[in-house]
Amino acid sequence: MRTPTDNKPGDRTGTAPVTHRIFFLLLPRIHLLDLAGPAQVFYEAHDLGGSYHVHFCATTGEIASAQGLTFARLEPLPGRTGPGDLIIVPGMDSKHLGEEDHAPLSWLRSVSASGAEIASICSGAFVLARAGLLDGRRCATHWKVTDRLESEHPRALVLRNRLFVRDGSILT
């Protein structure tokens, strides 16, 4: 893998590229695919010269996935975030939606206020909605929980039949 101070291919300026920090917020019952797919994208982008530092964070040092795999030695939530940072909230087992009390909602609100971008994968949109980050915003979620997101979070403007929706600094 390239280091953050390596130049991108074809870059002759001799200056290091801007490093983007990617923080995956791991919550209980996370879906492996919702974590692994995006993590693989940033791994490959970094390997091809993109300047990304990927972090796997949680409020505890260990989290169990919906599929039974346990993640350990997770990093704590970053104390400071800002423009150029991306927080990704992967989806969780839909049978346990509504149990997001363990999610760091105030931290997500402060991250949003700092200028960082926040993205959710599938049912991860429920965490953003619980934090109030989807109030008055267009958003999407996994097709099988679209009705539920719309009924439980009526201030979110849920769009149907969309793979993703960007509304300002929020991507669902």
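Structure's up top.
From a predicted model like this one, the values you see are computed outputs, not experimental measurements. Residue numbers restart at each chain and count upward from 1, following the sequence in its written direction. Local features in a predicted model are, by the rule used here, given only for residues with pLDDT of at least 70; side-chain atom pairs are given and counted only at 80 or more, and totals for whole chains, interfaces and linings are based on all residues. To obtain the side-chain values, all non-hydrogen atoms of the structure were included, while hydrogens and water were left out.

Draft legend 1. Up close: the packing of aromatic side chains. Each Phe, Tyr or Trp ring, with Trp reduced to its six-membered ring, pairs with another whose centre is within 6.5 Å; inter-plane angles below 30 degrees give stacked pairs, above 60 give edge-to-face pairs, and intermediate values give tilted ones. Under the definition given, this model contains 2 aromatic pairs. Each ring, one from Phe24 and one from Phe56, has its centre 5.4 Å from the other, and the planes form 15°; the classification is stacked. In this pair, Phe24 is assigned in strand 1 (residues 20-25) and Phe56 in strand 2 (residues 52-57), connecting sequence segments 32 residues apart. On the basis of relative accessibility, which here comes to 30%, the residue Phe56 falls in the partly exposed class. Strands here are runs of E lasting at least two residues and helices are runs of H or I lasting at least four, both read from the DSSP assignment and numbered beginning at the N terminus. With a 1.4 Å probe rolled over the protein chains alone, any residue whose accessible area is under 20% of its type maximum counts as buried; one over 50% counts as exposed, and the rest are partly exposed.

Draft legend 2. Molecular detail of helix 1 (residues 32-47). Spanning 16 residues, helix 1 covers 22 Å between terminal C-alpha atoms, matching the ideal 22 Å at 1.5 Å per step. If you check which residues of helix 1 are buried, you get Asp34, Leu35, Pro38, Ala39, Phe42 and His46. Take helix 1 and look down its axis: the buried residues cluster within an arc of 105°, on one side only. Facing away from the buried surface of helix 1 by more than 90 degrees, the exposed residues are Leu33 and Val41. Any two residues whose heavy atoms approach within 4.5 Å at even a single point are treated as in contact. Of the surrounding secondary structure, the elements contacted by the buried residues of helix 1 are strand 1, strand 2, strand 4 (70-72) and strand 5 (86-89). Expected span of a helix, by definition, is 1.5 Å for each gap between consecutive residues, and there is one gap fewer than residues. Directions pointing from the helix axis toward each C-beta atom define the arc.

Draft legend 3. Representation of the pairing of strand 2 in the model. Two strands are counted as paired when DSSP detects at least two bridges linking them. Two elements, strand 1 and strand 2, share 6 bridges in a ladder whose sense is parallel. Its bridge partner being in strand 2, Phe23 is matched across the sheet by His55. Whether a crossover is right-handed depends on one test, that the path from the first strand over the helix to the second runs clockwise when the strands point away from the viewer. Handedness of the β-α-β unit built from strand 1, helix 1 and strand 2 comes out right-handed.

Draft legend 4. Spotlight on the sheet that holds strand 6 (residues 117-120). With mixed pairing, 6 strands are arranged side by side in an open sheet as 2-1-5-6-10-9. The strands lining the two open edges of the sheet, one partner per strand, are strand 2 and strand 9 (166-167). Alignment of strand 9 against strand 10 (residues 170-171), held across 2 bridges, turns out to be antiparallel. Note on strand 10: the bridge partner recorded for Asp167 is Ile170. Packed onto the sheet, helix 1 meets strand 1, strand 2 and strand 5 and runs at close to 155° relative to strand 2. Orientation is described by axes fitted as lines to C-alpha atoms, over the contacting stretch for helices, and by angles from 0 to 180 degrees between their N-to-C directions. Helix 2 (residues 105-113) contacts strand 1, strand 5, strand 6 and strand 10 of the sheet and is inclined by roughly 145° relative to strand 5.

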